[in-house]
Amino acid sequence: MGLFDFLKADKPNNRLDINSGLAECRNIQGAKLVDVRTRGEFMERSIPGSINVPLQDIQSTSTYVSKLDTPLYLYCRTGARSSTAASLLINMGYTSVHNIGGIVDWRP
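Here the structure is a predicted model, which is why all the values come from computation and not from measurement.

## A short note on helix 1 (residues 18–26)
Piece 1. All of the buried residues along helix 1 are Ile 18, Asn 19, Gly 21, Leu 22 and Cys 25. Angular distribution of buried residues about the axis of helix 1 spans 160°; they occupy a single face of the element.
Piece 2. The secondary structure elements touched by the buried residues of helix 1 are strand 1 (32–35), strand 3 (72–76) and strand 4 (97–102).
Piece 3. In this structure Asp 17 caps helix 1, since a side-chain oxygen of it lies 3.0 Å from the backbone nitrogen of Asn 19.

## Re the nonpolar core
Piece 1. Formed by 14 residues in total, the largest nonpolar core has its most connected members in Leu 72, Leu 74, Leu 89 and Val 97.
Piece 2. Of all the secondary structure elements, the ones that give two or more residues to this core are strand 3 and helix 4 (80–91).
Piece 3. Residues Ile 18, Leu 22, Leu 33 and Phe 42 belong to the second largest nonpolar core, which totals 12 residues.

## Overview of the pattern of salt bridges
Piece 1. By the definition in use, this model includes 3 salt bridges.
Piece 2. With a closest N to O distance of 2.6 Å, Asp 35 and Arg 37 form a salt bridge. Accessibility classification places Asp 35 together with Arg 37 in one group, the buried group.

## Structural notes on the side chain of Ser 50
Piece 1. Of note, Ser 50 is situated in the loop between helix 2 (39–44) and strand 2 (51–52).
Piece 2. What makes Ser 50 buried here is its relative accessible area of 11%.
Piece 3. A distance of 2.7 Å separates the side chain of Ser 50 from the backbone oxygen of Ile 47, its partner in a polar contact.
Piece 4. Within polar-contact distance, the side chain of Ser 50 engages the side chain of Tyr 75 at 3.0 Å.
Piece 5. In contact with Ser 50, other than residues within four places in its own chain, are Leu 33, Asp 35, Phe 42 and Tyr 75.

## Brief notes about the sheet that holds strand 3
Piece 1. Read from one edge of the open sheet, 4 strands run 2-1-3-4, paired in parallel fashion. Each edge of the open sheet is held by one strand with a lone partner, namely strand 2 and strand 4.
Piece 2. Direction of pairing for strand 1 relative to strand 3: parallel, over a ladder of 4 bridges. By the bridge assignment for strand 3, Val 34 is matched with Leu 74.

Calculation notes
- Residues numbered from 1 in each chain as written.
- Predicted model: local features only at pLDDT ≥ 70, side-chain atom pairs only at ≥ 80, totals over all residues.
- Heavy atoms only, no water.
- Buried < 20%, exposed > 50% of the residue type's maximum accessible area, 1.4 Å probe, protein only.
- Helix = DSSP H or I, 4+ residues; strand = E, 2+ residues; numbered from the N terminus.
- Arc of directions from axis to C-beta.
- Contact = heavy atoms within 4.5 Å.
- Polar contact = N/O pair within 3.5 Å; in protein donor to acceptor, adjacent residues only side chain to side chain.
- Core = buried A, V, L, I, M, F, W, Y, C linked by side-chain atoms within 4.5 Å.
- Salt bridge = Lys/Arg side-chain N within 4 Å of Asp/Glu carboxyl O.
- Pairing = 2+ DSSP bridges.

Written out as structure tokens, the structure reads:
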């Protein structure tokens with residue numbers, strides 16, 4: 001997945017694959033898996049090892065991830081909020097941001 005892969009979320013024939021993205025995240029030392037859903041959604045079900053930074057609090061990401069070159073792998077319910085979060089994080093200066101889609105497609 002590349003820097004601008006989050007843009008693919010809006011293209012119907014190019015669906016994001018959370019399972020491949022998660023495997024990639026787990027193979028990169030220092031990568032962070034970030035759930036951008038609400039705290040309530042995160043508490044109901046989340047991917048083990050993920051941190052919760054709700055989209056409405058995305059500006060606080062530096063509290064959890066201070067290095068701007070840390071690989072960030074974002075997910076939400078369907079991929080829409082994580083796409084928005086990816087754009088915001090790139091605008092904040094993060095350089096390795098990947099929208100991996102939605103937890104609805106996750107296969108544990």
